[in-house]
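If you want the building blocks of each chain, they are given just below.
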Amino acid sequence: MTAPLRRRTALTALGLTTAGAAAAPLLSAPAHADGPPTGMPSQQVRVDRSGGVVATQGEREIVWEQVPTTDAAPDATLEIDTASRRHTLDGFGPALTHSAAWLLLRMPAARRRRLLQEMFSPNGPLRLSALRIPVGTCDFAPNEGERTYYTLADEPGPSADPLAHFDLSRDEGTILPVLREILEVAGELEVVLSPWSAPAWMKTNGSLIGGALHEDEETRRLWAEYLARAVEAYEAAAPGLHVSALTVQNEPLHDTAAYPCMGMSPEVQTSVISHLLEELDERGLDTRILSYDHNWDRVDYPQQVLDELAGQGIDPQRVGSAFHAYAGSADAVEPLHAAHPDSPIWFTEQSGTQDPGKPYKADFADGIWWMSNQLFLPALRHHHQGIILFNLVLDQDGGPGPATFTNGTGLFQIDESTGALTPNSELYVMAHFSRFVPVGSPVLASADAEDLPNVACLRPDGSVVVVLHNNAPARTLRVRAGERELTVALPGWTLATCVLTERQQVRRR
């Protein structure tokens, strides 16, 4: 068991304040729910509207700042093929776990509202557009002793109605109030529901921890009914909510954790999904189903599920796959996409971590590099339509959560003794996409190289956004997309978002 860790903060450099001080912007960029974000630095607005470059350098020489373009001759040119459009990007955001919601509800209401506006407002500095919500508790839940972990039907009903005691009311103490506030700010969201465990009475070991569903077909049908009722209940409890997608089981190949978990084979999952489609259709719900919901290293699992469902004539757009990055790499999905090109692929979980042996600055640099090079850029190049990271916020000790994992980070870290908020490196990386790439933007073909991984997108207004990481010493880079181009002097090992509007026309030489 790892000893609790305390993340080092750099509040002055980040422009953040404690709860008792005057309000200051997150990422140095406050947002307002209505109208343009007048408090946002003019450089951010200028890049978004008129083109340019915003960059974050891992060693914090520049953080979320505009980098001027130049007329100097480039050392390299990155070409974007504006005629070759691939999959669309449908959202970026965090998981609203019970721990995250509990921490948010302990904040002063006005401060929480402002934080959510800055994160989810369509006019704000971050513009997050997706959420993942656990169905019942996951591993991150506030400690209530034996009552810490629960499902939505802990007690079985009579044989005529085994789900008679299905109840969402415990989520009124955590997730639901925060979800309603987010929906008020954001309007539409891509929301994914994911269960960590079936009720204990449905399982072979009679516990939320470990085990599997009973092996009879009726239990599989009952689990499908439970999940469909969860979609229905959440949409009824949170006005304006549309559950976009639903996974059948979080990490079905990990059934040995010390928190809610459940093993599930591809054969069982295929059966559950078949029942679940029927249950959703009976209720008039158009929620998509995402199979697997586990690491990139076992793409054979969703491949088998989708192959079997295709053999049943299931609409491929209705059932896709979800992945995590704790093992494997994003390019592993290529055979899956080739076999099922119309089935959606999402990324649904990765927790940030902190290294107790490194100072904050070095830890931040590692996070920027890893999240850029190992997750966001390769995932979006390899067919993933959205990215959701784990935990919107955690406390200074990486909790509340399991004692076996105490070095996790959310998008934000909150020090409960002072109220200080620290945005973590994963938030900066996400913001480089979410702030400048609207939902529905298609990915464009672009040259890729180990020293310059990148993703290019076409915005609805016709401008092109290119997010890249310069894995090399400082150099001058030209980015060209059709008749648009810009040249920028990039520091070494820097994450950058380049926006090419109609003002960045190719200069005829």
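Trainee: Quick question: what am I supposed to make of the overall build of the protein chain here?
Mentor: A count of helices and strands for the protein chain gives 11 helices and 22 strands. The C-alpha radius of gyration computed for the protein chain amounts to 23 Å, which stays within 12% of the reference 23 Å derived for 509 residues, consistent with globular compactness. Projected onto its principal axes, the C-alpha coordinates of the protein chain cover approximately 80 × 55 × 45 Å. For the protein chain, the residues scored as buried account for 61% of the 509 residues in total. At a minimum sequence separation of 6, the contacts of the protein chain that also span at least 24 residues come to 71%.

Trainee: Help me understand the nonpolar core, please; the structure alone is not making it clear to me.
Mentor: Counting residues in each nonpolar core, the largest one holds 113 residues, and the members touching the most others are Leu 96, Phe 120, Leu 179, Trp 223, Tyr 226 and Phe 376. In terms of residue count, the dominant contributor to this core is helix α6 (residues 217-237) (11 residues). Setting aside its immediate chain neighbours within four residues, Leu 96 contacts Ala 101, Leu 104, Leu 131, Arg 132, Ile 133, Pro 134, Ile 175, Val 178, Leu 179 and Ile 182. In this structure, Ile 62, Ala 496, Cys 498 and Leu 500 belong to the second largest nonpolar core, which totals 22 residues.

Trainee: Just checking my understanding: could you explain the sheet that holds strand β20 (residues 475-481) for this structure?
Mentor: Within a sheet, each strand pairs with its neighbour through backbone hydrogen bonds, oriented either parallel or antiparallel. Across the sheet, 9 strands lie side by side as β2-β1-β22-β19-β18-β17-β3-β20-β21; this open sheet has mixed pairing. Looking at which strands have only one partner, the edges of the open sheet turn out to be β2 (65-67) and β21 (484-490). Averaged over all adjacent pairs, the angle separating strand axes in this sheet is 30 degrees, with direction ignored. Of the pairings in the sheet, the one linking strand β17 (residues 441-446) to strand β18 (residues 454-458) comprises 2 bridges and is antiparallel in character. By the bridge assignment, Val 443 is partnered in β18 with Cys 457. Those strands touched by helix α10 (residues 360-381) are β1 (52-57), β3 (76-89), β17, β18, β19 (464-470) and β22 (494-500), and its axis lies near 130 degrees from that of β19.

Trainee: Help me out: how do you make sense of the confidence of the model for the protein chain in this one?
Mentor: Low pLDDT marks stretches whose predicted atomic positions should not be read closely. Looking at the protein chain, the pLDDT average stands at 90 and 91% of residues meet or exceed 70. Note that residues 1-24 has pLDDT below 50 and, in this model, 67 contacts with residues that lie over four places away or in other chains. Taken as a whole, residues 28-40 scores under 50 in pLDDT and shows 36 contacts with residues more than four places along the chain or in a different chain.

Each value, and the rule that gives it
- Residues numbered from 1 in each chain as written.
- Predicted model: local features only at pLDDT ≥ 70, side-chain atom pairs only at ≥ 80, totals over all residues.
- Heavy atoms only, no water.
- Helix = DSSP H or I, 4+ residues; strand = E, 2+ residues; numbered from the N terminus.
- Rg over C-alpha atoms; globule rule 2.2 N^0.38 Å.
- Buried < 20%, exposed > 50% of the residue type's maximum accessible area, 1.4 Å probe, protein only.
- Contact = heavy atoms within 4.5 Å.
- Core = buried A, V, L, I, M, F, W, Y, C linked by side-chain atoms within 4.5 Å.
- Pairing = 2+ DSSP bridges.
- Axes fitted to C-alpha atoms, helices over the stretch in contact; angles between N-to-C directions.
- pLDDT = per-residue confidence, 0-100.

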